[in-house]
There are 2 protein chains.
Amino acid sequence: MKEVLNFIDQNKDQYLAELVEFLKIPSISSEEAYNESTYKAAEWLADNFRNAGIPEIKLYETKGHPIVYAQDLTAGAGAPTILVYGHYDVQPVDPLDLWDSPPFEPVIKNGKIFARGTSDDKGQAFMHVKAYEAYKKIKGALPVNVKYMIEGEEECGGDNLEEFIINNQEMLKCDTVMVSDTEWFADGMPSICYSLRGNVYLEITVTGPNRDLHSGTYGGGVDNPLNVLCWMISQLKDSDGRISIPGFYDNVLDLTEVERDAFKKLPFSEEEYCKDLDINMTHGELGYTTLERVWARPTLDLNGIYGGYTGLGSKTVLPSKASAKFSMRIVPHQTSEEIALKAKSYLEKLCPPTVKLSIKMLWGGNPVLMPIDSKSIKIAIESLKEAFGKDTVFMREGGSIPVVGLFDSVLKAPTVLMGMGLPGDNIHSPNESFSIENFYGGIKASALFIDKYK
Amino acid sequence: MKEVLNFIDQNKDQYLAELVEFLKIPSISSEEAYNESTYKAAEWLADNFRNAGIPEIKLYETKGHPIVYAQDLTAGAGAPTILVYGHYDVQPVDPLDLWDSPPFEPVIKNGKIFARGTSDDKGQAFMHVKAYEAYKKIKGALPVNVKYMIEGEEECGGDNLEEFIINNQEMLKCDTVMVSDTEWFADGMPSICYSLRGNVYLEITVTGPNRDLHSGTYGGGVDNPLNVLCWMISQLKDSDGRISIPGFYDNVLDLTEVERDAFKKLPFSEEEYCKDLDINMTHGELGYTTLERVWARPTLDLNGIYGGYTGLGSKTVLPSKASAKFSMRIVPHQTSEEIALKAKSYLEKLCPPTVKLSIKMLWGGNPVLMPIDSKSIKIAIESLKEAFGKDTVFMREGGSIPVVGLFDSVLKAPTVLMGMGLPGDNIHSPNESFSIENFYGGIKASALFIDKYK
């Protein structure tokens, strides 16, 4: 492998130059005006795969943006198979005036490359193409089968990838999935994320009278759907951050002492956290630290509420209806179906007979937990150690990456979240950047992973 | 007076024809496109006053629509003075397609006249002009001084009338104010409204983190302003409809047994009320009937709430801030200042240290209570009895009529709310109408009131 790693070192400038080309194509998937250039980015990536020497490459058209799919199965049926996932689309760039340089004109400064999509996820997806290329060039062939699925709808919430995965299970069959679309816990601290929370997103509507009423004429005589809604919501969680839905905690997998100790050793400053958010103090479930709360404990958050008069000034209305959107972040081994049912049944019991209640489930996804002693994760740790010369820390993530749930449930393959982003990368914000050291190290780690997985 | 009443009977058709003319002028005060025609309505009314023989008449310009002011002080300084208040402006007409006939082309059908402004308030204000005219024509002079102040901004929330009253206290000085801008409790049941609730309208905003956060990444670790807002609101009123603000009920004047008995005798059907609103049941303070709750007990209603994501579908946001608008209807002898202070102090105590709270008072008005054994009300009852041949019932009103508060606090004069509207008049809605019998009877009652007040 020394030769492969040397080759990567020798070609650093070339890789960076190619990444700059890739970043220049504005592939904003959520804005129709960029449909053509999003397509161009897919074509550019397919060309780059072709130049890397991969034998099979295809653009799969969808109802939205195409999926770039490439594979090299020359290792044969007896060898293990790695599926790499990434995305070539990027977030919108607003507010444009907060960018120090134009988002699609990459600038290199202080060891970072600045442009939209550098960290999320063009730069990270591209590492795997270059790793393949280097390995193939030096060794002639790979010891494992590799499949690359780089989509174009991660940032626009498209559901075409789900359909693609379900319809192409045989083609996508693999022993492990590798994803580089996450961050390190801190600069200089290679990290692997081994658990994601799931989510149950509900919208409830409380309906009272058949029309908006004058709050002077009717107020005090007719129950007010807005007051009822607020009361019902207040009954979902207590002031200690515990969710009051009966049976909610039944299947929660407690954190192990090993995990809690490991989290405590991470360089997390409660003070910095509060300062960054401009809050007086954090708040959450009693008996847990902030990292434990956001990574490994379930919670319930209102995401939106509306009803009655919301314009300027006053209007004396007793509204006919009121709605709230809220989501419950769930953890292993809770399931979205289970929690949705428990929440619905509790809400129905809470609802007084003076109003009508309707409940819609807008989204549901299960939590994911990847055993940290699995082959994939062990190899990832070794690869990171050799690429960066540093030990890996384990972290979890409070949000969901829905596609990881699909790999788990549809492909039945464990996912390794070996991202190379850093907390200061400003993904989804102006001045997005990616550490150039992490970009090069990520290429090496990907090549090492291929080599070790055989 | 027989002669005056006969004269009114003989001129019925003429009065109705004049009212039709008045109604044809689209005086929608809130829509700029109607500014010119609103002015025309004021001029038309001033001309009509002039033709009625009133000696002094003037259009007072304001920053908005003019005030029509007319007076006859020939009775002299020793005689009592009546101030009549009304408004010549009308509500907008949307939705136009629900009108059976054009809103400014009056139609007479089934004993009613249909047009925008018939009942609210052109038809009712106009009764008093015709009463003056008839009395003056037949008797040559009035036994009392009369002042007429008919404004053009009642339906657009203008505050020019308040300024006018404050600046012209000497001119407007009177012993009683007569207002015909309310409804009878039921058809065939002449009514006098002797109490109005006041109102304290607050807007509160709860602010958490300095920006919207991802509810996956931060949820469970940072207090959510929307959840806090809902909880705070849930603490303002208990499930029995009692307001939980400390000291809230301190100054509430209890209903007398006489009042409660009188209300119970009114033809109110709980079943019809629920059916009309499409609700399963009414709801309010334990121990009180619906009429008592909406007329004579204080309450607290959310009027609007907003925060976070309120569009279609789901967005996983932990919002930076959330706001609610709510109003407290207050009753004699609560005051808006007192209640606003108590509410603010309670809210500040409720607010947890994890978030910031701001409270704005958007509106405040005191309740009004007019003694039913006062001279004005006694004379109004006699006048109604002679005009309609029926006994008067007493009612209260849950809403506020802000100008009545001004008459009370600035002019120190009691107001008689002797309206002639009916519950089915559809004021503020399509197909507004006014009972022609009540129009004629109202002219007579107004003339009788002048005669008896001497």
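Residues numbered from 1 in each chain as written. Chains lettered and ligands numbered in written order. Predicted model: local features only at pLDDT ≥ 70, side-chain atom pairs only at ≥ 80, totals over all residues.

K.L.:
Can you explain the environment of B:F268? Please cite residues and give values.
P.N.:
Position of B:F268 relative to the elements: it lies in the loop between α9 (257-265) and α10 (270-277). Residues B:F268 and B:R242, spaced 26 residues apart in sequence, show a C-alpha to C-alpha distance of 23 Å. (Helix = DSSP H or I, 4+ residues; strand = E, 2+ residues; numbered from the N terminus.)

K.L.:
Lay out unusual backbone geometry in plain terms, naming residues and giving numbers.
P.N.:
Of note, the amide linkage connecting A:D120 to A:D121 takes the cis form, showing an omega dihedral of 5 degrees. For A:D121, the location among the structural elements is in helix α4 (residues 118-139). Phi is positive for A:N110, which is not a glycine, with a value near 50 degrees. Secondary-structure assignment places A:N110 in the loop between β4 (107-109) and β5 (112-114). Phi at B:N431 takes a positive value of approximately 60 degrees, unusual for a residue other than glycine. Using a count of 18 C-beta atoms within 10 Å as the deciding quantity, one classes B:N431 as partly exposed. (Buried ≥ 20, exposed ≤ 12 C-beta atoms within 10 Å, placed from the backbone.)

K.L.:
Can you explain the sheet that holds strand β4 (residues 107-109) of chain B? Please cite residues and give values.
P.N.:
Residues and elements named next belong to chain B. Taken together, three strands build an open sheet; the order of strands is β4-β5-β18 and the sheet is antiparallel. Each edge of the sheet is formed by a strand with only one pairing partner; in this case those strands are β4 and β18 (433-435). For this sheet, the mean angle separating the axes of adjacent strands, direction not counted, is 25 degrees. Bridge analysis of β4 against strand β5 (residues 112-114) gives three bridges, and the strand direction is antiparallel. Residue pairing across strands places I108 opposite I113, the latter belonging to β5. Packing of helix α4 (residues 118-139) onto the sheet brings it into contact with β5 and β18, and relative to β18 it is tilted by some 50 degrees. Running at roughly 60 degrees to β18, helix α15 (residues 436-452) makes contact with β5 and β18 of the sheet. (Pairing = 2+ DSSP bridges. Axes fitted to C-alpha atoms, helices over the stretch in contact; angles between N-to-C directions. Contact = placed C-beta atoms within 7 Å.)

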